[in-house]
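Results of the structural survey
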Amino acid sequence: MIKGFKDFIMRGNVIDLAVAVVIGAAFSAVVTAIVDSIITPLISLFFKADPKTGEFGIQVQGLFDVVTFPIGGLISAIISFLAVALVVYLVFVVPMNKWKERQAARAGVVEEEAKLPTEAELLVQIRDLLEQQRGTAAPTRATEPPSPSI
């Protein structure tokens, strides 16, 4: 287990991960500031603020008082998440995939998809295996699917 951890540390993945976390945290702070200073005021244009809490959202008359569902924070969090995820994808994932493709092309590695058997071929194989288990010989037309009995 320790050898595996040592190999993991020596590959450089830990440093890449640490850099990604630090940059992600810093960028998250920037996105949060943008959302709080631009998006949140725009959302407040459409919803009324609760006089007690100052939060804005959908107000519904309750049994005793008006209840405010503060959806402004939810919308801000969703926008922040989407912005951070988009930047992480564009800055880290896309370049890394391109780099891996170039490395694989230089190494001459070509990924080929294995040709999967058709449904009919699978049914023929299953039929032949069942007949072998019973001890009977397989029929001569092994490439045709079994005919349904009515």
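For clarity, every value in this text was computed on a predicted model and none was experimentally measured.

**Considering the overall build of the protein**
Per the secondary structure count, the protein includes 4 helices and 3 strands. Mapped from its N terminus to its C terminus, the protein presents α and β elements in the order α-α-β-β-β-α-α. Put simply, the protein has 150 residues, and 12% of those count as buried. When contacts within the protein are restricted to residue pairs at least 6 apart in sequence, those whose partners lie at least 24 apart make up 26%.

**Quick notes on the environment of Ala 25**
Tracing the sequence through the fold places Ala 25 in helix 2 (residues 13–44). Along the sequence, Ala 25 and Val 84 sit 59 residues apart, while their C-alpha atoms lie 9.3 Å from each other.

**Considerations on helix 4 (residues 119–134)**
Relative to the 22 Å expected for 16 residues at 1.5 Å per residue, helix 4 spans 23 Å between its end C-alpha atoms, a close match to the ideal helical length. Turning to helix 4, its buried residues number three or more, namely Val 124, Arg 127, Asp 128 and Glu 131. Around the axis of helix 4, the buried residues are gathered within 95° of arc, so they sit on the same side. In helix 4, those exposed residues whose orientation departs by more than 90 degrees from the buried face are Glu 119 and Gln 133. Phi for Gly 135, located one or two positions after helix 4, is positive at around 90°.

**Observations regarding the pairing of strand 3 (residues 66–69)**
A regular strand places its side chains so that they alternate between the two faces of the sheet. Judged from the 4 bridges that link them, strand 2 (residues 56–61) and strand 3 form a sheet pairing that is antiparallel. Looking at strand 3, one finds that Val 60 is bridged to Val 67. Remark: 4 residues form the turn of the hairpin made by strand 2 and strand 3, two consecutive strands paired antiparallel.

**Digging into helix 3 (residues 71–107)**
Taking 1.5 Å of rise per residue, the 37 residues of helix 3 would be expected to cover 54 Å, and the 52 Å separating its terminal C-alpha atoms lies within 8% of that figure. Helix geometry: helix 3 is bent most strongly at Tyr 89, by close to 35°. Restricting attention to buried positions, one finds in helix 3 the residues Ile 71, Gly 72, Ser 76, Ser 80 and Val 84. Following helix 3 by one or two positions, Gly 108 has its phi on the positive side, about 80°.

**Comments concerning the confidence of the model for the protein**
Residues of the protein with pLDDT of at least 70 account for 79%, and the chain-wide mean is 76. The secondary-structure element of the protein with the lowest mean pLDDT is strand 1 (residues 48–49), recorded at 70, while helix 4 shows the highest, at 90.

**Section: the side chain of Arg 127**
As for its position among the elements, Arg 127 is in helix 4. Judged by its relative accessible area of 15%, Arg 127 is buried. Of note is the side chain of Arg 127, whose polar atom sits 3.5 Å from the side chain of Asp 128.

**Quick look at the environment of Phe 81**
For Phe 81, the position within the fold is in helix 3. Sequence spacing of Phe 81 and Thr 32 is 49 residues, and the spatial spacing of their C-alpha atoms is 9.2 Å.

What counts, and where the lines are drawn
Residues numbered from 1 in each chain as written. Predicted model: local features only at pLDDT ≥ 70, side-chain atom pairs only at ≥ 80, totals over all residues. Heavy atoms only, no water. Helix = DSSP H or I, 4+ residues; strand = E, 2+ residues; numbered from the N terminus. Buried < 20%, exposed > 50% of the residue type's maximum accessible area, 1.4 Å probe, protein only. Contact = heavy atoms within 4.5 Å. Expected span 1.5 Å × (residues − 1). Arc of directions from axis to C-beta. Pairing = 2+ DSSP bridges. Bend = angle between axes of the 7 residues up to and from the residue. pLDDT = per-residue confidence, 0-100. Polar contact = N/O pair within 3.5 Å; in protein donor to acceptor, adjacent residues only side chain to side chain.

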